[in-house]
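Report on the structure
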Amino acid sequence: DLVFLSSCNVVHRDLRPVNILCDGENQRLRLTNFGNSADLDPPRVGLENSSLDAPGSIANTLAADVYSVALIVCQLLFDSSDLNQPLKDVGYDLDMWLQKELTADSCPLGFGYALDYLRERPGLWSLLKGAIRPNPLRKKITADSLNCRKES
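Cut-off values and rules
Residues numbered from 1 in each chain as written. Predicted model: local features only at pLDDT ≥ 70, side-chain atom pairs only at ≥ 80, totals over all residues. Heavy atoms only, no water. Helix = DSSP H or I, 4+ residues; strand = E, 2+ residues; numbered from the N terminus. Expected span 1.5 Å × (residues − 1). Buried < 20%, exposed > 50% of the residue type's maximum accessible area, 1.4 Å probe, protein only. pLDDT = per-residue confidence, 0-100. Contact = heavy atoms within 4.5 Å. Phe/Tyr/Trp six-rings, centres within 6.5 Å; stacked < 30°, edge-to-face > 60°. Lys NZ or Arg CZ within 6 Å of the ring centre and 35° of its normal.

Right, let's talk about helix H2 (residues 62-77) for a bit. Here H2 contains 16 residues, and its C-alpha end-to-end distance of 23 Å stays within 8% of the 22 Å for a straight helix at 1.5 Å per residue. For H2, the buried fraction is high: 13 of the 16 residues fall into the buried class.

With that settled, consider the confidence of the model for the chain. Per-residue pLDDT for the chain has a mean of 77; in total, 74% of the residues score no lower than 70. Below pLDDT 50 for its whole length, residues 45-52 participates in 23 contacts with residues either more than four positions away or in separate chains. The low-confidence segment residues 136-143, where pLDDT is below 50, has 17 contacts with residues more than four positions distant or belonging to other chains.

What follows concerns the packing of aromatic side chains. On inspection of all chains with the given rule, the structure shows five aromatic pairs. Their ring planes at 75 degrees and their centres at 5.1 Å tell us that Phe-78 and Trp-97 sit as a pair that is edge-to-face. You can see Phe-78 sitting in the loop between H2 and helix H3 (84-89) and its partner Trp-97 sitting in helix H4 (residues 94-102), a full 19 residues away along the chain. In terms of burial, Phe-78 and Trp-97 fall into one category: buried. Plain terms: the ring middles of Phe-78 and Trp-125 are 6.2 Å apart, the flat faces sit at 75 degrees to each other, and that makes the pair edge-to-face. Note that Phe-78 is positioned in the loop between H2 and H3 and Trp-125 in helix H6 (residues 124-132), a separation of 47 residues in sequence. Residue Phe-78 is classed as buried on the basis of its relative accessible area of 1%. Members of the aromatic cluster, each reached through a chain of ring pairs, are Phe-78, Trp-97, Phe-111 and Trp-125. Positioned above the aromatic ring of Tyr-117 is the side chain of Arg-121, whose terminal nitrogen or guanidinium carbon lies 3.5 Å from the ring centre.

This is the structure we're talking about:
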């Protein structure tokens, strides 16, 4: 999982639904396809961006993997196969993206369910917004901070 990868100073760089398996027996998600992963110890120069094209300020860091996971959660919530370009168009501002979608001529199917799901889970939207919004000044995400979020 991301906590283990972070503790090894490794980033996956290709997190997307096809690279995540569900282990029903243990009720855990398992990451696959480490072909694009990078060992950041020592830090390397010139690594390419992940396939989910995390914002440049966080590319090739654990924050890029966290961005990808948040993007996957949003894709699943809102039943959308590609949110990266629409989010990029609004400066990675989830609130602005959602407002734009809700005021469009035709609101995508399933948005009502997604909004209900988010209402039942206070804090999830803020967590997703924080993971998706690029901020070059964000504090370094470490295994300890992921464990803290995991426990809360």
